[in-house]
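Breakdown of the fold
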Amino acid sequence: MLSRFPFIDALKALAAQLIVLHHLAFYGPMSDHAHALAPDLISWFSQDARYAVQVFLVLGGFLAVHSLAPAGCLRATEPLDLLWKRYRKLVGPYLVALLVALLIAAIGRALMVHDSLPGRPSLSQVLAHVFLLQSILGHEGLSAGVWYIAIDFQLFALLLGLLWLARQAAGSAAGEAAIAAGLVATLAMASLYHFNLDADWDSWGVYFFGSYALGVVSYWASNGQPQRAARWLLPVLAAVVLTLLLEYRPRIAVALVVALALALARCSGVLERWPKAQLIGYLGRTSYSLFLVHFPVCLLVNALFSRFAQDGPWLNLAGLIVAWLASMVAAALFYRFVEAAMQGARRRSTAPAVVRQSS
């Protein structure tokens, strides 16, 4: 089992909390009623906190290459098996969360009328979600944020495909690493300079690959001495700054800052040492569960307050806090009884059998 990285857990914990607060501010009637009490703060959560998703994109690339090709060479001999394992890891808890979301959406439609409620799903819509094709096929999401699960899988598949191509084209380990770096850089530049500038591509992984690749590069750059990191990061920094000068995008700026922070943390040893707070580590470990279940919980609290409580700003502000806390409680339960349980089941199913020899 890979050792945990406290610094990455801290980034996950912070980003997940911002995503929850973003959805609380953006969806549902409670934030509309509470807006007058803190208009600037609620507006910031509604609009700018969404850039926290860039943290997960960069971390996704960093952790993917950590497991797939830490030195630039693909370690696996069966890429399709890896892709299937990735699908199972993502989709197992995700499907349970979708069932919860469908149930709570039905309850919500009985309690209130609001445009944040998803409509009654069709069979094709549900099947599209199962196969992570909902955005590509033009279906409405059954829960906020589920688009990211599909994008994460696409990005992993893209990186795996590039690493496999590098293996096929190379005649040596050094050549494979160089070709892999070139392929990742080429697709990253195509993403930053073309695909990411056109919102019509935002259902496809190539739209986000620039941010994902920054995580890959930050890992490869931080292998070895700081001088090596500088040689890797300076041209990357220049290329990303140039694309920001051509068209500034806050999401890309956030991704660049996160990637540089990861490389610096790894080079300095901070990645494995800081912070040591158990609560932050736990919030980082449960961030995927929080990402999956928070929106149905927030939707249910919104529906209950809309039906049974007054529309006063202070009461709805209290409702926002209740929804935030309830989301974390639900995430803790989901992590223990669904995500961690599924992880344990997968480990047991892949563990080699121990045959006892009789004496």
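Residues numbered from 1 in each chain as written. Predicted model: local features only at pLDDT ≥ 70, side-chain atom pairs only at ≥ 80, totals over all residues. Heavy atoms only, no water.

1. With respect to the state of the cysteines
In plain terms, the rule: Disulfide: a pair of cysteine sulfur atoms within 2.5 Å of each other.
Applying the stated criterion across every chain yields a total of 0 disulfides. The structure places no disulfide on Cys267, whose sulfur is separated from the nearest cysteine sulfur, that of Cys73, by 20 Å.

2. Considerations on the packing of helix H1 (residues 6-26) against helix H3 (residues 39-47)
Convention followed: Between N-to-C directions, angles cover 0 to 180 degrees, with each direction set by a line fitted to C-alpha atoms, over the stretch in contact for helices. The numbering of helices and of strands both runs from the N terminus, where a helix is a DSSP run of H or I of at least 4 residues and a strand a run of E of at least 2. Under this scheme an angle from 65 to 115 degrees is roughly perpendicular, one under 35 degrees roughly parallel, and one over 145 degrees roughly antiparallel; angles in between are oblique. Should the near helix be turned anticlockwise from the far one by less than a right angle, the crossing is left-handed, and should it be turned clockwise, the crossing is right-handed. Two residues form a contact once any of their heavy atoms are found within 4.5 Å. Gly is placed with the polar residues, together with every amino acid not listed as nonpolar (Ala, Val, Leu, Ile, Met, Phe, Trp, Tyr, Cys and Pro) or charged (Asp, Glu, Lys and Arg).
It is the contact of H1 with H3, at a shortest axis distance of 7 Å, that shows an interaxial angle of 110°. One finds that H1 runs roughly perpendicular with respect to H3. In this structure, H1 meets H3 at a crossing whose hand is left-handed. Counting all contacts with H1, which are made through Leu18, Leu21, His22, Ala25 and Phe26, the residues of H3 involved are Ile42, Trp44, Phe45, Ser46 and Gln47. Here the residues of the contact of H1 with H3 sort into 7 nonpolar, 3 polar and no charged.

3. Points about the packing of aromatic side chains
The line we're drawing: Between 30 and 60 degrees the pair is tilted, below 30 it is stacked and above 60 it is edge-to-face, where a pair is any two Phe, Tyr or Trp rings, Trp via its six-membered ring, whose centres lie within 6.5 Å. Accessible area is worked out with a 1.4 Å probe on protein chains only. A residue is then buried under 20% of its type maximum, exposed over 50%, and partly exposed in between.
For the coordinates displayed, the defined rule picks out 17 aromatic pairs. Between Phe7 and Trp274, the ring centres sit 6.3 Å apart and the planes meet at 40°, which makes this aromatic pair tilted. With a gap of 267 residues between them, Phe7 in helix H1 and Trp274 in the loop between helix H12 (270-273) and helix H13 (278-285) connect regions that are remote in the sequence. The class for Phe7 is buried, based on a relative accessible area of 12%. Relative accessible area serves as the criterion here: at 51%, Trp274 is assigned to the exposed category.

4. Here we look at the side chain of His129
We count it as follows: Pairs of N or O atoms are called polar contacts if they sit within 3.5 Å, as long as, within protein, a hydrogen donor faces a hydrogen acceptor (for residues adjacent in sequence, only side-chain-to-side-chain pairs).
Here His129 is to be found in helix H6 (residues 123-130). Here Leu142 takes part through its backbone nitrogen, which lies 3.0 Å from a polar atom of the side chain of His129.

5. Things to note about the environment of Arg120
Looking at the element boundaries, Arg120 is found in the loop between helix H5 (79-111) and H6. When the C-alpha positions of Arg120 and Ala106 are compared, they lie 7.7 Å apart, and in sequence the two are 14 residues distant. Discounting chain neighbours no more than four positions away, the residues touching Arg120 are Arg109 and Gln125.

6. Some words on the confidence of the model for the protein
Rules: For every residue, the pLDDT score states the predictor's confidence, bounded by 0 at the bottom and 100 at the top.
Summing up the model confidence of the protein, the mean pLDDT is 92 and the portion of residues at 70 or higher is 96%. Counting contacts from residues 353-359, a segment whose pLDDT is below 50, to residues more than four positions away or on other chains yields 0 contacts.

7. Thoughts on the nonpolar core
Put simply, the rule is: Remark: nonpolar core denotes a set of buried residues (Ala, Val, Leu, Ile, Met, Phe, Trp, Tyr, Cys) joined through side-chain atoms within 4.5 Å.
Tyr94, Ile149, Leu159, Phe209, Trp220 and Leu262 are the most contacted members of the largest nonpolar core, which has 96 residues in total. Take this core: its biggest share by element is 13 residues, from helix H7 (residues 146-169). In terms of nonpolar packing, the next biggest core, distinct from the first, is built from 7 residues, Leu111, Met112, Leu299 and Ala303 among them.

8. Examining H3
The cut-off we apply is this: Picture the helix axis, draw a direction to every C-beta atom, and the arc is the one those directions span.
All of the buried residues in H3 are Ile42, Phe45 and Ser46. Buried residues of H3 fall within an arc of 100° about the axis and therefore sit on the same side. Turning to H3, the residues buried within the fold contact H1 and helix H2 (29-34).

9. A look at unusual backbone geometry
For residues other than glycine, phi is negative in most cases, and the peptide bonds are mostly trans. Here the amide bond leading from Trp274 into Pro275 is cis, since omega sits at -5°, within 30 degrees of zero. Relative to the elements of secondary structure, Pro275 occurs in the loop between H12 and H13. Positive phi, normally seen in glycine, also occurs at Leu132, with a value near 60°.

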